[in-house]
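# Topology and contacts: notes
The chain contents come next:
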2 protein chains.
Amino acid sequence: KGKNVIFVAGLGDIGLDTSKELLTRELKNLVILDVRENTEGLCALKEICPETKVTFIKYDVTVPLDESKKVLKKIFDKLKTVDILINGAGILDDHKIEATIAVNYTGLVNTTTAIMEFWDKRCGGPGGIICNIGSVTGFNAIYQVPVYSGSKAAVVNFTSSLAKLAGITGVTAYSVNPGITRTTLVQKFNSWLDVEPDVAELLLEHPTQSTKECAENFVKAIEKN
Amino acid sequence: KGKNVIFVAGLGDIGLDTSKELLTRELKNLVILDVRENTEGLCALKEICPETKVTFIKYDVTVPLDESKKVLKKIFDKLKTVDILINGAGILDDHKIEATIAVNYTGLVNTTTAIMEFWDKRCGGPGGIICNIGSVTGFNAIYQVPVYSGSKAAVVNFTSSLAKLAGITGVTAYSVNPGITRTTLVQKFNSWLDVEPDVAELLLEHPTQSTKECAENFVKAIEKN
(Lines give C-alpha, C1' and ligand atoms only; values in the text may rest on other atoms or scores of the structure.)
Protein backbone atom coordinates (compact mmCIF):
# COMPACT_ATOMS: atom_id res chain seq x y z
CA LYS A 1 0.00 0.00 0.00
CA GLY A 2 2.94 2.33 -0.63
CA LYS A 3 3.80 2.96 3.01
CA ASN A 4 7.15 3.41 4.69
CA VAL A 5 7.44 1.23 7.78
CA ILE A 6 10.15 1.01 10.42
CA PHE A 7 10.12 -2.32 12.24
CA VAL A 8 12.24 -2.66 15.37
CA ALA A 9 13.11 -6.34 15.83
CA GLY A 10 11.70 -7.25 12.45
CA LEU A 11 14.03 -10.25 12.22
CA GLY A 12 13.00 -11.74 15.56
CA ASP A 13 10.82 -14.73 16.28
CA ILE A 14 7.50 -13.05 15.81
CA GLY A 15 9.23 -10.29 13.86
CA LEU A 16 10.43 -12.31 10.90
CA ASP A 17 7.05 -13.85 10.16
CA THR A 18 5.40 -10.47 10.65
CA SER A 19 7.87 -8.89 8.22
CA LYS A 20 7.04 -11.59 5.68
CA GLU A 21 3.35 -10.92 6.10
CA LEU A 22 3.87 -7.15 5.85
CA LEU A 23 5.70 -7.63 2.58
CA THR A 24 2.60 -9.12 0.97
CA ARG A 25 0.99 -5.67 1.41
CA GLU A 26 3.15 -3.82 -1.15
CA LEU A 27 4.92 -1.40 1.13
CA LYS A 28 7.24 1.17 -0.40
CA ASN A 29 9.95 0.72 2.23
CA LEU A 30 10.44 -1.68 5.11
CA VAL A 31 13.33 -0.59 7.32
CA ILE A 32 14.25 -3.28 9.80
CA LEU A 33 16.15 -2.25 12.90
CA ASP A 34 17.45 -5.25 14.77
CA VAL A 35 20.25 -6.20 17.08
CA ARG A 36 20.43 -9.57 15.28
CA GLU A 37 22.19 -9.78 11.94
CA ASN A 38 20.14 -12.53 10.37
CA THR A 39 21.47 -12.43 6.81
CA GLU A 40 19.51 -15.47 5.72
CA GLY A 41 16.23 -14.11 7.05
CA LEU A 42 16.91 -10.74 5.49
CA CYS A 43 17.66 -12.24 2.06
CA ALA A 44 14.43 -14.22 2.18
CA LEU A 45 12.52 -11.02 2.97
CA LYS A 46 14.11 -9.12 0.10
CA GLU A 47 12.82 -11.69 -2.38
CA ILE A 48 9.17 -11.53 -1.38
CA CYS A 49 8.06 -8.31 -3.04
CA PRO A 50 10.08 -6.59 -5.78
CA GLU A 51 8.21 -3.30 -5.25
CA THR A 52 9.30 -2.99 -1.63
CA LYS A 53 12.76 -1.86 -0.69
CA VAL A 54 13.89 -3.77 2.40
CA THR A 55 16.70 -2.15 4.37
CA PHE A 56 18.49 -3.39 7.47
CA ILE A 57 20.14 -1.24 10.13
CA LYS A 58 21.77 -2.75 13.18
CA TYR A 59 20.09 -1.24 16.22
CA ASP A 60 20.20 -2.03 19.91
CA VAL A 61 17.17 -0.49 21.64
CA THR A 62 19.13 -0.06 24.86
CA VAL A 63 21.34 2.70 23.41
CA PRO A 64 20.86 6.22 24.80
CA LEU A 65 18.05 8.38 23.42
CA ASP A 66 20.43 10.51 21.34
CA GLU A 67 21.71 7.43 19.53
CA SER A 68 18.16 6.40 18.70
CA LYS A 69 17.54 9.87 17.29
CA LYS A 70 20.65 9.60 15.09
CA VAL A 71 19.53 6.28 13.64
CA LEU A 72 16.07 7.66 12.92
CA LYS A 73 17.48 10.85 11.42
CA LYS A 74 19.36 8.82 8.83
CA ILE A 75 16.16 7.02 7.91
CA PHE A 76 14.08 10.21 7.69
CA ASP A 77 16.82 11.94 5.67
CA LYS A 78 16.62 9.13 3.15
CA LEU A 79 12.90 8.34 3.03
CA LYS A 80 11.62 11.85 3.87
CA THR A 81 8.48 10.39 5.45
CA VAL A 82 7.74 7.38 7.62
CA ASP A 83 4.18 6.18 8.18
CA ILE A 84 4.43 3.50 10.83
CA LEU A 85 6.85 2.54 13.61
CA ILE A 86 6.56 -0.97 15.02
CA ASN A 87 8.32 -1.53 18.35
CA GLY A 88 8.86 -5.24 18.68
CA ALA A 89 12.06 -5.75 20.66
CA GLY A 90 11.60 -8.10 23.56
CA ILE A 91 13.42 -10.67 25.64
CA LEU A 92 12.04 -13.31 27.96
CA ASP A 93 14.51 -14.41 30.63
CA ASP A 94 13.72 -13.54 34.22
CA HIS A 95 17.28 -14.26 35.30
CA LYS A 96 18.18 -11.05 33.47
CA ILE A 97 16.33 -8.33 35.33
CA GLU A 98 18.10 -5.24 33.97
CA ALA A 99 18.15 -6.47 30.37
CA THR A 100 14.49 -7.48 30.39
CA ILE A 101 13.37 -4.07 31.59
CA ALA A 102 15.87 -2.16 29.42
CA VAL A 103 14.83 -3.93 26.21
CA ASN A 104 11.13 -4.48 26.79
CA TYR A 105 10.22 -1.15 28.36
CA THR A 106 12.99 1.48 28.42
CA GLY A 107 14.07 0.73 24.85
CA LEU A 108 10.53 1.00 23.57
CA VAL A 109 10.03 4.31 25.38
CA ASN A 110 13.30 5.69 24.02
CA THR A 111 12.59 4.69 20.43
CA THR A 112 9.12 6.21 20.73
CA THR A 113 10.48 9.40 22.27
CA ALA A 114 13.13 9.65 19.57
CA ILE A 115 10.67 9.45 16.68
CA MET A 116 8.50 12.22 18.15
CA GLU A 117 11.13 14.72 17.03
CA PHE A 118 10.20 13.87 13.43
CA TRP A 119 6.48 13.30 13.85
CA ASP A 120 5.19 15.63 16.61
CA LYS A 121 2.76 18.09 15.06
CA ARG A 122 3.74 20.68 17.69
CA CYS A 123 7.13 20.83 15.89
CA GLY A 124 5.48 20.94 12.47
CA GLY A 125 5.68 17.19 12.02
CA PRO A 126 3.13 15.18 10.03
CA GLY A 127 2.13 12.78 12.80
CA GLY A 128 2.44 9.03 12.51
CA ILE A 129 1.36 5.67 13.85
CA ILE A 130 3.08 3.65 16.53
CA CYS A 131 2.40 -0.04 17.01
CA ASN A 132 3.85 -1.48 20.20
CA ILE A 133 4.11 -5.21 20.73
CA GLY A 134 2.97 -5.94 24.25
CA SER A 135 1.74 -9.29 25.52
CA VAL A 136 -1.27 -10.78 27.24
CA THR A 137 0.99 -10.96 30.28
CA GLY A 138 0.65 -7.20 30.54
CA PHE A 139 -2.97 -7.84 31.53
CA ASN A 140 -2.67 -11.20 33.29
CA ALA A 141 0.84 -11.95 34.38
CA ILE A 142 2.53 -15.27 33.85
CA TYR A 143 3.54 -15.15 37.49
CA GLN A 144 6.57 -17.39 37.03
CA VAL A 145 8.12 -14.57 34.97
CA PRO A 146 7.10 -11.53 37.01
CA VAL A 147 9.85 -9.26 35.68
CA TYR A 148 8.89 -9.90 32.05
CA SER A 149 5.15 -9.66 32.76
CA GLY A 150 5.64 -6.36 34.59
CA SER A 151 7.64 -4.94 31.70
CA LYS A 152 4.77 -5.79 29.34
CA ALA A 153 2.21 -4.19 31.68
CA ALA A 154 4.36 -1.08 31.45
CA VAL A 155 4.19 -1.25 27.63
CA VAL A 156 0.41 -1.60 27.64
CA ASN A 157 -0.07 1.27 30.10
CA PHE A 158 2.49 3.49 28.31
CA THR A 159 0.80 2.88 24.96
CA SER A 160 -2.62 3.75 26.39
CA SER A 161 -1.16 7.13 27.37
CA LEU A 162 0.35 7.67 23.92
CA ALA A 163 -3.07 7.05 22.40
CA LYS A 164 -4.63 9.67 24.67
CA LEU A 165 -1.93 12.15 23.65
CA ALA A 166 -2.71 11.80 19.94
CA GLY A 167 -4.72 15.02 19.92
CA ILE A 168 -1.68 16.94 21.15
CA THR A 169 1.09 15.17 19.24
CA GLY A 170 -0.67 13.98 16.08
CA VAL A 171 0.83 10.55 16.70
CA THR A 172 -1.59 7.70 17.23
CA ALA A 173 -0.63 4.53 19.02
CA TYR A 174 -1.94 1.11 19.90
CA SER A 175 -0.56 -2.10 21.28
CA VAL A 176 -0.84 -5.59 19.88
CA ASN A 177 -0.78 -8.16 22.65
CA PRO A 178 -0.10 -11.72 21.53
CA GLY A 179 -1.03 -14.72 23.61
CA ILE A 180 1.32 -17.66 24.06
CA THR A 181 3.20 -17.99 20.80
CA ARG A 182 5.48 -20.88 19.95
CA THR A 183 8.63 -18.80 19.51
CA THR A 184 12.06 -20.04 20.40
CA LEU A 185 11.62 -17.85 23.45
CA VAL A 186 8.77 -19.94 24.75
CA GLN A 187 10.55 -23.19 24.07
CA LYS A 188 13.10 -22.53 26.80
CA PHE A 189 13.41 -19.63 29.20
CA ASN A 190 14.24 -18.93 32.82
CA SER A 191 11.69 -18.21 35.50
CA TRP A 192 12.41 -15.68 38.24
CA LEU A 193 14.69 -17.25 40.85
CA ASP A 194 13.84 -20.58 39.22
CA VAL A 195 10.45 -20.62 40.90
CA GLU A 196 9.27 -22.93 38.12
CA PRO A 197 12.01 -24.63 36.10
CA ASP A 198 9.42 -26.13 33.74
CA VAL A 199 7.51 -22.92 33.02
CA ALA A 200 7.98 -23.21 29.24
CA GLU A 201 6.63 -26.76 29.16
CA LEU A 202 3.70 -25.78 31.38
CA LEU A 203 2.80 -22.90 29.09
CA LEU A 204 2.76 -25.15 26.08
CA GLU A 205 -0.05 -27.16 27.70
CA HIS A 206 -2.27 -24.14 27.09
CA PRO A 207 -3.69 -23.30 23.69
CA THR A 208 -0.89 -21.67 21.71
CA GLN A 209 -0.42 -20.10 18.32
CA SER A 210 2.38 -20.37 15.79
CA THR A 211 4.47 -17.30 14.95
CA LYS A 212 2.85 -17.39 11.50
CA GLU A 213 -0.68 -17.24 12.91
CA CYS A 214 0.45 -14.47 15.22
CA ALA A 215 1.99 -12.57 12.31
CA GLU A 216 -1.14 -12.82 10.15
CA ASN A 217 -3.36 -11.40 12.86
CA PHE A 218 -0.75 -8.83 13.75
CA VAL A 219 -0.72 -7.44 10.21
CA LYS A 220 -4.52 -7.45 10.10
CA ALA A 221 -4.47 -5.29 13.20
CA ILE A 222 -1.96 -2.93 11.60
CA GLU A 223 -4.11 -2.61 8.48
CA LYS A 224 -7.14 -1.70 10.55
CA ASN A 225 -5.29 1.04 12.44
CA LYS B 1 3.86 -4.78 67.81
CA GLY B 2 7.50 -5.89 68.04
CA LYS B 3 8.17 -6.24 64.32
CA ASN B 4 11.32 -5.55 62.34
CA VAL B 5 10.56 -3.44 59.29
CA ILE B 6 12.79 -2.33 56.41
CA PHE B 7 11.45 0.75 54.65
CA VAL B 8 13.05 1.76 51.36
CA ALA B 9 12.55 5.51 50.88
CA GLY B 10 11.20 5.92 54.40
CA LEU B 11 12.34 9.53 54.46
CA GLY B 12 10.57 10.55 51.24
CA ASP B 13 7.44 12.59 50.78
CA ILE B 14 4.95 9.87 51.51
CA GLY B 15 7.71 7.90 53.23
CA LEU B 16 8.39 10.25 56.12
CA ASP B 17 4.76 10.52 57.17
CA THR B 18 4.36 6.77 56.78
CA SER B 19 7.42 6.19 58.95
CA LYS B 20 5.92 8.48 61.61
CA GLU B 21 2.67 6.56 61.48
CA LEU B 22 4.49 3.20 61.64
CA LEU B 23 6.33 4.34 64.75
CA THR B 24 3.05 4.70 66.64
CA ARG B 25 2.70 0.90 66.28
CA GLU B 26 5.57 -0.05 68.62
CA LEU B 27 7.87 -1.76 66.17
CA LYS B 28 11.07 -3.31 67.44
CA ASN B 29 13.22 -2.00 64.58
CA LEU B 30 12.59 0.37 61.72
CA VAL B 31 15.47 0.32 59.25
CA ILE B 32 15.19 3.13 56.75
CA LEU B 33 17.05 2.77 53.46
CA ASP B 34 17.06 6.01 51.54
CA VAL B 35 19.14 7.85 49.01
CA ARG B 36 18.31 11.09 50.85
CA GLU B 37 20.15 11.95 54.04
CA ASN B 38 17.40 13.84 55.81
CA THR B 39 19.00 14.28 59.24
CA GLU B 40 16.21 16.46 60.54
CA GLY B 41 13.51 14.01 59.48
CA LEU B 42 15.45 11.11 60.93
CA CYS B 43 15.92 12.84 64.29
CA ALA B 44 12.21 13.57 64.48
CA LEU B 45 11.46 9.89 63.82
CA LYS B 46 13.84 8.71 66.53
CA GLU B 47 11.96 10.71 69.14
CA ILE B 48 8.52 9.26 68.45
CA CYS B 49 8.74 5.88 70.15
CA PRO B 50 11.47 5.03 72.67
CA GLU B 51 10.80 1.27 72.26
CA THR B 52 11.64 1.31 68.55
CA LYS B 53 15.19 1.42 67.30
CA VAL B 54 15.32 3.58 64.16
CA THR B 55 18.34 3.01 61.93
CA PHE B 56 19.32 4.73 58.71
CA ILE B 57 21.37 3.26 55.88
CA LYS B 58 22.11 5.21 52.73
CA TYR B 59 20.80 3.16 49.81
CA ASP B 60 20.31 3.89 46.14
CA VAL B 61 17.86 1.35 44.66
CA THR B 62 19.57 1.59 41.27
CA VAL B 63 22.71 -0.21 42.48
CA PRO B 64 23.36 -3.70 41.07
CA LEU B 65 21.61 -6.68 42.68
CA ASP B 66 24.77 -7.80 44.50
CA GLU B 67 25.05 -4.45 46.24
CA SER B 68 21.46 -4.72 47.39
CA LYS B 69 22.20 -8.16 48.80
CA LYS B 70 25.19 -6.81 50.73
CA VAL B 71 23.12 -4.05 52.30
CA LEU B 72 20.44 -6.54 53.31
CA LYS B 73 22.98 -9.02 54.64
CA LYS B 74 24.25 -6.41 57.10
CA ILE B 75 20.71 -5.83 58.31
CA PHE B 76 19.90 -9.53 58.65
CA ASP B 77 23.23 -10.17 60.42
CA LYS B 78 22.29 -7.57 62.99
CA LEU B 79 18.55 -8.13 63.44
CA LYS B 80 18.50 -11.89 62.65
CA THR B 81 14.92 -11.63 61.37
CA VAL B 82 13.00 -9.10 59.31
CA ASP B 83 9.21 -9.22 59.10
CA ILE B 84 8.30 -6.66 56.46
CA LEU B 85 9.98 -4.95 53.50
CA ILE B 86 8.36 -1.79 52.18
CA ASN B 87 9.53 -0.71 48.71
CA GLY B 88 8.71 2.97 48.41
CA ALA B 89 11.33 4.52 46.16
CA GLY B 90 9.85 6.51 43.33
CA ILE B 91 10.48 9.53 41.16
CA LEU B 92 8.07 11.50 39.01
CA ASP B 93 9.77 13.36 36.15
CA ASP B 94 9.02 12.20 32.63
CA HIS B 95 12.00 14.11 31.26
CA LYS B 96 14.12 11.43 32.96
CA ILE B 97 13.18 8.21 31.23
CA GLU B 98 16.02 5.95 32.38
CA ALA B 99 15.95 7.19 35.98
CA THR B 100 12.18 6.85 36.28
CA ILE B 101 12.22 3.24 35.14
CA ALA B 102 15.39 2.36 37.04
CA VAL B 103 14.10 3.70 40.36
CA ASN B 104 10.40 2.93 40.11
CA TYR B 105 10.58 -0.54 38.58
CA THR B 106 14.07 -2.04 38.24
CA GLY B 107 15.11 -0.89 41.71
CA LEU B 108 12.01 -2.39 43.28
CA VAL B 109 12.56 -5.69 41.47
CA ASN B 110 16.20 -5.82 42.53
CA THR B 111 15.50 -5.07 46.18
CA THR B 112 12.77 -7.71 46.15
CA THR B 113 15.01 -10.26 44.45
CA ALA B 114 17.81 -9.51 46.92
CA ILE B 115 15.70 -10.15 50.01
CA MET B 116 14.50 -13.51 48.69
CA GLU B 117 17.92 -14.94 49.54
CA PHE B 118 17.08 -14.41 53.20
CA TRP B 119 13.36 -15.17 53.13
CA ASP B 120 12.73 -17.82 50.45
CA LYS B 121 11.46 -20.98 52.15
CA ARG B 122 13.06 -23.11 49.42
CA CYS B 123 16.42 -22.03 50.91
CA GLY B 124 15.21 -22.67 54.47
CA GLY B 125 14.12 -19.07 54.96
CA PRO B 126 11.23 -18.06 57.20
CA GLY B 127 9.22 -16.18 54.54
CA GLY B 128 8.22 -12.56 54.88
CA ILE B 129 5.93 -9.80 53.69
CA ILE B 130 6.60 -7.34 50.88
CA CYS B 131 4.64 -4.14 50.54
CA ASN B 132 5.20 -2.33 47.25
CA ILE B 133 4.10 1.25 46.77
CA GLY B 134 2.46 1.47 43.37
CA SER B 135 0.07 4.16 42.25
CA VAL B 136 -3.42 4.49 40.83
CA THR B 137 -1.63 5.43 37.61
CA GLY B 138 -0.67 1.75 37.33
CA PHE B 139 -4.36 1.08 36.65
CA ASN B 140 -5.41 4.30 34.92
CA ALA B 141 -2.48 6.23 33.56
CA ILE B 142 -2.00 9.93 34.00
CA TYR B 143 -1.33 10.11 30.28
CA GLN B 144 0.76 13.28 30.52
CA VAL B 145 3.37 11.20 32.39
CA PRO B 146 3.29 7.96 30.40
CA VAL B 147 6.77 6.82 31.44
CA TYR B 148 5.95 7.14 35.15
CA SER B 149 2.50 5.60 34.75
CA GLY B 150 3.93 2.65 32.84
CA SER B 151 6.54 2.07 35.53
CA LYS B 152 3.77 1.90 38.13
CA ALA B 153 1.74 -0.52 35.99
CA ALA B 154 4.85 -2.69 36.01
CA VAL B 155 4.97 -2.53 39.83
CA VAL B 156 1.31 -3.52 40.14
CA ASN B 157 1.67 -6.42 37.69
CA PHE B 158 4.97 -7.58 39.22
CA THR B 159 3.48 -7.54 42.72
CA SER B 160 0.48 -9.57 41.57
CA SER B 161 2.92 -12.25 40.43
CA LEU B 162 4.82 -12.18 43.72
CA ALA B 163 1.55 -12.76 45.53
CA LYS B 164 0.80 -15.80 43.37
CA LEU B 165 4.28 -17.15 44.10
CA ALA B 166 3.75 -17.04 47.87
CA GLY B 167 2.99 -20.76 48.01
CA ILE B 168 6.39 -21.53 46.49
CA THR B 169 8.53 -18.88 48.19
CA GLY B 170 6.75 -18.33 51.50
CA VAL B 171 6.88 -14.61 50.82
CA THR B 172 3.58 -12.78 50.53
CA ALA B 173 3.22 -9.49 48.72
CA TYR B 174 0.73 -6.77 48.02
CA SER B 175 0.79 -3.29 46.56
CA VAL B 176 -0.58 -0.10 48.05
CA ASN B 177 -1.66 2.29 45.33
CA PRO B 178 -2.17 5.88 46.43
CA GLY B 179 -4.27 8.34 44.48
CA ILE B 180 -3.15 11.90 43.88
CA THR B 181 -1.23 12.91 46.98
CA ARG B 182 -0.03 16.44 47.68
CA THR B 183 3.65 15.60 47.82
CA THR B 184 6.34 17.96 46.71
CA LEU B 185 6.41 15.73 43.64
CA VAL B 186 2.93 16.67 42.58
CA GLN B 187 3.53 20.36 43.13
CA LYS B 188 5.92 20.56 40.19
CA PHE B 189 7.02 17.92 37.75
CA ASN B 190 7.74 17.46 34.07
CA SER B 191 5.39 15.84 31.60
CA TRP B 192 6.71 13.68 28.77
CA LEU B 193 8.07 15.92 26.00
CA ASP B 194 6.25 18.77 27.77
CA VAL B 195 2.92 17.59 26.37
CA GLU B 196 1.24 19.39 29.28
CA PRO B 197 3.39 21.98 31.07
CA ASP B 198 0.67 22.53 33.67
CA VAL B 199 0.05 18.87 34.51
CA ALA B 200 0.73 19.37 38.23
CA GLU B 201 -1.76 22.23 38.51
CA LEU B 202 -4.35 20.26 36.54
CA LEU B 203 -3.99 17.27 38.83
CA LEU B 204 -4.56 19.40 41.89
CA GLU B 205 -8.01 20.31 40.56
CA HIS B 206 -9.00 16.72 41.28
CA PRO B 207 -9.73 15.47 44.78
CA THR B 208 -6.39 14.93 46.48
CA GLN B 209 -5.11 13.66 49.80
CA SER B 210 -2.37 14.93 52.08
CA THR B 211 0.72 12.80 52.68
CA LYS B 212 -0.52 12.36 56.26
CA GLU B 213 -3.88 10.95 55.17
CA CYS B 214 -2.07 8.72 52.71
CA ALA B 215 0.29 7.54 55.46
CA GLU B 216 -2.54 6.71 57.88
CA ASN B 217 -4.34 4.56 55.33
CA PHE B 218 -1.10 3.05 54.20
CA VAL B 219 -0.27 1.81 57.69
CA LYS B 220 -3.81 0.51 58.14
CA ALA B 221 -3.28 -1.55 55.01
CA ILE B 222 0.03 -2.86 56.36
CA GLU B 223 -1.61 -3.86 59.63
CA LYS B 224 -4.29 -5.81 57.81
CA ASN B 225 -1.79 -7.74 55.74
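Let me begin by describing the structure that accompanies this report. (Residues numbered from 1 in each chain as written. Chains lettered and ligands numbered in written order. Predicted model: local features only at pLDDT ≥ 70, side-chain atom pairs only at ≥ 80, totals over all residues. Heavy atoms only, no water.)

## As for the pairing of strand β1 (residues 4-8) of chain A
All names here are of chain A. Of all five residues making up β1, five are buried, and the element is well covered by its neighbours. Every second residue of β1 is oriented toward a common face, with N4, I6 and V8 on one face and V5 and F7 on the other, all of them buried. Sheet topology note: the β1/strand β2 (residues 29-34) ladder contains five bridges and is parallel. Considered in β2, the bridge of F7 is made with I32. Relative to strand β4 (residues 84-87), β1 runs parallel, the two sharing four bridges. In the strand pairing of β4, V8 is matched with N87. (Buried < 20%, exposed > 50% of the residue type's maximum accessible area, 1.4 Å probe, protein only. Helix = DSSP H or I, 4+ residues; strand = E, 2+ residues; numbered from the N terminus. Pairing = 2+ DSSP bridges.)

## Considering the sheet that holds strand β4 (residues 84-87) of chain B
All names here are of chain B. Sheet architecture is open: six strands sit in the order β3-β2-β1-β4-β5-β6, paired in parallel fashion. A single partner strand is all that each edge strand has here, and the edge strands are β3 (53-58) and β6 (171-176). With direction set aside, neighbouring strand axes in the sheet form an average angle of 15 degrees. Two strands pair when backbone bridges link them, and strand β2 (residues 29-34) and β3 are joined in this way by six bridges, in the parallel orientation. (Axes fitted to C-alpha atoms, helices over the stretch in contact; angles between N-to-C directions.)

## Quick notes on the interface of chain B and chain A
Taken together, the 37 residues of chain B in the interface contact 37 residues of chain A. The three residues of chain B that bury the most area against chain A are B:Y143, B:N157 and B:W192, which together make up 19% of that side's buried surface. Counting across the interface, chain B meets chain A through zero salt bridges. Elements represented by at least two residues in the side of chain B that touches chain A include exactly α4 (97-119), α5 (146-164) and α6 (166-169) of chain B. Split by residue class, the side of chain B that touches chain A holds 20 nonpolar, 13 polar and four charged. (Contact = heavy atoms within 4.5 Å. Buried area = accessible area lost by both parts, 1.4 Å probe. Salt bridge = Lys/Arg side-chain N within 4 Å of Asp/Glu carboxyl O. Nonpolar A, V, L, I, M, F, W, Y, C, P; charged D, E, K, R; others polar.)

## Considering the relation of the copies chain B and chain A
Mapping chain B onto chain A leaves a residual RMSD of 0.0 Å; the transformation is a rotation of 180 degrees accompanied by 0.0 Å of translation along its axis. Here the symmetry operator amounts to a two-fold rotation axis. No C-alpha of chain B approaches the rotation axis more nearly than that of B:A154, which lies at 2.4 Å. Same-surface contact between copies: 100% of interface residues of chain B are shared with the interface of chain A. (Least-squares fit on C-alpha atoms with pLDDT ≥ 70 in both.)

## A look at the side chain of B:S68
Looking at the secondary structure, you find B:S68 in helix α3 (residues 65-79). Once you skip the residues sitting within four places of it in the chain, B:S68 turns out to touch B:Y59, B:V63, B:N110 and B:A114.

## Looking at the packing of aromatic side chains
Summed over the entire model, instances satisfying the criterion amount to six aromatic pairs over all chains. Summarising the aromatic geometry, the rings of A:F76 and A:F118 are spaced 4.5 Å apart at their centres and angled 10 degrees between planes, so their arrangement reads as stacked. Taken together, the positions of A:F76 in helix α3 (residues 65-79) and A:F118 in helix α4 (residues 97-119) put the pair 42 residues apart, joining distant regions of the chain. By the ring-pair criterion, three or more aromatic residues cluster together here, those being A:Y105, A:F158 and B:W192. (Phe/Tyr/Trp six-rings, centres within 6.5 Å; stacked < 30°, edge-to-face > 60°.)

## Regarding the side chain of A:T159
Here A:T159 shows up in helix α5 (residues 146-164). Apart from the residues within four sequence positions on either side, A:T159 is in contact with A:N132, A:A173, A:Y174 and A:S175.

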